[in-house]
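Descriptive structure summary
One-letter residues, chain by chain:
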Amino acid sequence: MRLELDRIGHAYLGRPVFEDLSLALGEGEVVALVGPSGCGKTTVLQIAAGLIDPLRGRVRRHYRRHAVVFQEPRLLPWLTARDNIAYGLAARGIGRTERRATADRRAAEVGLLERDLDKYPAELSGGMRQRTAVARALATDPEIVYFDEPFTAVDVGLRRVLQDLVIAASAREKFSALFVTHDLAEAVRLAHRIVVLSGRQEGIVAERTLDGMPGQRDDRSVFETVQAWMQDPAFADLFDGDRD
Amino acid sequence: MRHGLAFLGWAGRYLWSGWAGAAGLFCIAAAWQAGHELYGSFILPAPLETVREVAKLAQDEAFRHAARETAERAGLGFGLAVLIGTTAGIAAGYSCAAMRLMRPVVTVILGVPPIAWIVLALIWFGASGGTAIMTVVVASLPISFAGGLEGVATRDRGLDAMARSFGAGPFMRLRTVTAPHMVSYLFPAWTTTAGSAWKVTVMAELLSNAGGLGGDLASARALFDIPRVTAIVLVTVGFALFTEYAVLQPVRDRLEQWRQAGQPWGVKR
């Protein structure tokens with residue numbers, strides 16, 4: 001196991017978000033965490049990534065390095081795309097030449113052009129910024145990558161491209177990933193396992209292991225899986241528009 | 001090589017933008033000339049007359065010494081005010097308790113008129129350079145403090161969390177996340193500090209009779225040497241212009257190049 005969340009619980013200003021939540025992430029495993037908005041998906045991710053401390057429970061990490069891809073790109077506006085990609089490397093104290101070489105390689109992997117690397121984030125399009133953020137996460141050779149609804153703000157076509165990019169990278173580099181999303185189709189496309197978080201503070205309400213490998217499922221099977229789950233009471237929260 | 005060329009391009013653009021500033025200054029000179037023609041040389045010497053007086057004074061060893069003295073005092077006062085004020089401001093920005101404690105203190109310090117500090121400093125330091133330096137420090141420290149405080153307090157927490165997720169330590173986060181953001185708060189504060197440093201130094205020198213340009217101004221006033229008075233004023237203003245446009249602005253421009261990158265075409269200068 002790379003990561004174990006053991007009966008964690010959290011509350012904001014006394015209002016509980018979830019209680020007794022346990023979740024484990026195996027080596028090379030991509031787990032999608034889905035749930036309606038406001039159910040605490042991001043909080044679980046932030047606890048796992050060590051950005052906030054849980055009120056209760058324990059987090060066990062059996063890895064050296066992780067990286068986070070946030071919902072917004074969160075690029076430093078005063079650094080060029082190249083320096084942004086190399087930020088995690090700079091934080092680890094890696095020398096300039098090596099940083100540059102790694103950043104150039106990772107940028108090419110996510111489909112950024114050489115000439116864009118000297119631009120500041122303000123000069124990049126939304127999709128290019130999110131590509132930069134993905135490259136920045138991959139540049140540190142992480143053992144776990146945390147994705148916090150990273151592709152919600154990009155258009156449908158680009159979202160597919162970025163998903164494929166994540167699928168290819170995780171297959172190639174064998175990192176584990178916790179992928180938070182509210183889009184069930186996205187979860188079915190790129191995960192090995194799907195965990196559904198309740199919208200009523202009930203913790204994990206369902207867990208499904210998907211057949212086959214991510215990237216090998218065609219659109220038809222993804223669509224049919226999602227359609228089948230829509231009838232499933234465990235997924236009712238996700239499709240319930242009346243919930244407050 | 002590429003960096004060298006980029007620097008030259010930037011420097012050229014910066015110098016070229018000086019024309020607009022010069023145009024503004026010449027507008028002031030024109031208004032000044034109009035005032036001179038209305039009231040005559042005794043009330044308001046002509047700009048050209050003043051410039052000639054400045055040229056004459058520049059040959060005078062005693063005047064050069066006085067100007068250097070004022071420059072040293074103002075510079076030292078500015079440096080101390082910026083250093084202490086900014087450091088304390090950054091520290092206070094990171095600590096809510098310190099911020100709440102320091103804010104009223106700053107208001108109190110700002111509320112005491114500089115002239116009162118001069119009187120106090122005169123009693124403590126006597127008629128020496130210390131009076132001018134202390135007055136500058138006390139009068140302009142709160143501005144830098146407020147700049148540093150606001151800069152840190154308004155830093156982007158999301159970027160800070162991002163930096164933490166990559167394992168960046170507190171110093172690296174200050175350097176890469178907070179400091180570049182603070183620039184836009186600190187530079188206005190520092191320009192105000194630099195401007196008031198010159199004014200307050202001359203005022204303190206004049207009142208404490210501690211030599212420097214202020215002392216010169218006092219004797220010129222006593223002798224009713226009006227061209228000399230305007231010449232000294234012109235020199236002081238020249239110093240202030242120099243610190244702002246030859247020292248502070250170029251540094252700010254270099255540090256904030258990323259802002260220009262975000263501006264649409266045609267707005268870039």
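Residues numbered from 1 in each chain as written. Chains lettered and ligands numbered in written order. Predicted model: local features only at pLDDT ≥ 70, side-chain atom pairs only at ≥ 80, totals over all residues.

Counting its secondary structure elements, chain A contains 9 helices and 9 strands. Relative to the compact-globule value of 18 Å for 244 residues, chain A shows a C-alpha radius of gyration of 18 Å, a close match. In terms of overall dimensions, chain A has a C-alpha envelope of 50 × 40 × 30 Å along the principal axes. Counting all 244 residues of chain A, 47% fall into the buried class. Counting only contacts in chain A whose residues sit at least 6 apart along the sequence, the fraction spanning at least 24 positions is 72%. (Helix = DSSP H or I, 4+ residues; strand = E, 2+ residues; numbered from the N terminus. Rg over C-alpha atoms; globule rule 2.2 N^0.38 Å. Buried ≥ 20, exposed ≤ 12 C-beta atoms within 10 Å, placed from the backbone. Contact = placed C-beta atoms within 7 Å.)

A few words on the nonpolar core. If you look at the biggest cluster of nonpolar residues, it comprises 76 residues, and the most contacted ones within it are A:Leu33, A:Leu178 and A:Phe179. Ranked by residues supplied to this core, first place goes to helix α5 (residues 126–139) of chain A with 7 residues. Residues in contact with A:Phe179, not counting those within four places in the same chain, are A:Val30, A:Val31, A:Ala32, A:Leu33, A:Phe147, A:Leu190 and A:Ala191. B:Leu57, B:Leu122, B:Val152 and B:Ala210 belong to the second largest nonpolar core, which has 48 residues in total. (Core = buried A, V, L, I, M, F, W, Y, C linked by C-beta atoms within 7 Å.)

Another aspect to go through is the interface of chain A and chain B. The interface of chain A with chain B comprises 18 residues on the first partner and 16 residues on the second. When residues of the side of chain A that touches chain B are traced back to their parent elements, those giving at least two are β5 (66–69) and α3 (87–91) of chain A. Element by element, the count of residues in the side of chain A that touches chain B is highest for α3(A), at 3 residues.

Residues and elements named next belong to chain B. At a closest axis distance of 6 Å, the pairing of helix α4 (residues 61–94) and helix α7 (residues 129–153) adopts a crossing angle of 30 degrees. On the basis of their axis angle, the class for α4 and α7 is roughly parallel. The hand of the α4/α7 crossing is right-handed. (Axes fitted to C-alpha atoms, helices over the stretch in contact; angles between N-to-C directions. Parallel < 35°, antiparallel > 145°, perpendicular 65-115°, else oblique. Left-handed = near helix turned anticlockwise from the far one by under 90°.)

Before going further, it helps to examine the sheet that holds β5(A). Residues and elements named next belong to chain A. One open sheet holds the 6 strands; their spatial order is β5-β6-β7-β3-β8-β9, and the pairing between them is mixed. If you trace the sheet from one side to the other, it starts and ends with β5 and β9 (204–209), each paired once. Pairwise comparison of adjacent strand axes, ignoring direction, gives a mean angle of 15 degrees for this sheet. Sheet strands in contact with helix α1 (residues 41–48) are β3 (30–34), β6 (144–148), β7 (176–181) and β8 (193–197), and its direction is about 155 degrees off that of β7. (Pairing = 2+ DSSP bridges.)

Our next topic: helix α11 (residues 226–255) of chain B. Every α-helix carries 3.6 residues per turn, so stepping three or four residues along brings you back to the same face. Residue and element names in this part refer to chain B. Over its 30 residues, α11 extends 42 Å from the first C-alpha to the last, a length consistent with the 44 Å expected when each residue adds 1.5 Å. When the local axis directions of α11 are compared, the greatest deviation, roughly 35 degrees, occurs at Gln249, which is followed within four positions by the proline Pro250. Within α11, burial applies to Arg228, Thr230, Ala231, Ile232, Val235, Thr236, Phe239 and Thr243. (Expected span 1.5 Å × (residues − 1). Bend = angle between axes of the 7 residues up to and from the residue.)

Residues and elements named next belong to chain A. Counting buried residues in β6 gives 5 out of 5 residues, a clear majority hidden from the surface. Taking every second residue as pointing to the same face, both faces of β6 are buried, with Ile144, Tyr146 and Asp148 on one and Val145 and Phe147 on the other. With 5 bridges joining them, β6 and β7 adopt parallel strand pairing. By the bridge assignment, Asp148 is partnered in β7 with Val180. Following the chain from β6 across helix α6 (residues 156–173) to the adjacent parallel β7, one finds a crossover that is right-handed. (Right-handed = clockwise from strand over helix to strand, strands pointing away.)

Moving on, we come to the environment of B:Ala197. Residue and element names in this part refer to chain B. Relative to the helices and strands, Ala197 resides in helix α9 (residues 170–208). Taking the C-beta count within 10 Å as the criterion, Ala197 has 30 such neighbours and is therefore assigned buried. Expressed as a C-alpha distance, the spacing of Ala197 and Ala139, which sit 58 residues apart in the sequence, is 8.4 Å. If near-sequence neighbours (up to four positions away) are discounted, Ala197 is found in contact with Ala74, Gly77, Phe78, Val136 and Ser140.

As a further point, take the environment of A:Cys39. All names here are of chain A. Here Cys39 lies in the loop between β3 and α1. With 26 C-beta atoms packed within 10 Å, Cys39 lands in the buried category. Sequence separation between Cys39 and Phe18 is 21 residues, and the spatial gap between their C-alpha atoms is 8.0 Å. Here Cys39 is in contact with Leu197, Ser198 and Gly199, once residues within four sequence places are set aside.

Residues and elements named next belong to chain A. Although it is not a glycine, Leu13 sits at a positive phi angle of roughly 50 degrees. Structurally, Leu13 is set in the loop between β1 (3–12) and β2 (15–25). Its identity as a non-glycine residue notwithstanding, Asp20 has a phi of 50 degrees, on the positive side. Judged by the 13 C-beta atoms lying within 10 Å of it, Asp20 falls in the partly exposed class.

All right, on to the sheet that holds β1(A) then. All names here are of chain A. Overall, antiparallel pairing links the 3 strands, which are arranged β2-β1-β4 in an open sheet. Either end of the sheet is taken by a strand with one partner, and the two such strands are β2 and β4 (56–61). Averaged over neighbouring strand pairs, the angle between their axes works out to 20 degrees when direction is ignored. Running at roughly 125 degrees to β1, α1 makes contact with β1, β2 and β4 of the sheet.

This next bit is on the environment of B:Met203. Mapping B:Met203 onto the fold places it in helix α9. Considered as a pair, B:Met203 and B:Ala132 are 71 residues apart in the sequence and their alpha carbons are 8.1 Å apart.

All names here are of chain B. Direction vectors running N to C along α9 and α11 enclose 165 degrees, while the axes themselves pass 10 Å from each other. In terms of orientation, α9 and α11 fall into the roughly antiparallel class. Here α9 runs over α11; the crossing is right-handed. Where α9 approaches α11, its residues Val183, Phe187, Trp190, Thr191, Ala194, Gly195, Trp198 and Val202 are matched on the opposing element by Thr236, Phe239, Ala240, Thr243, Glu244, Leu248, Arg252 and Leu255. Taken together, the residues of the contact of α9 with α11 sort by class into 10 nonpolar, 4 polar and 2 charged. (Nonpolar A, V, L, I, M, F, W, Y, C, P; charged D, E, K, R; others polar.)

Function cannot be inferred from these measures alone, as they are strictly geometric.
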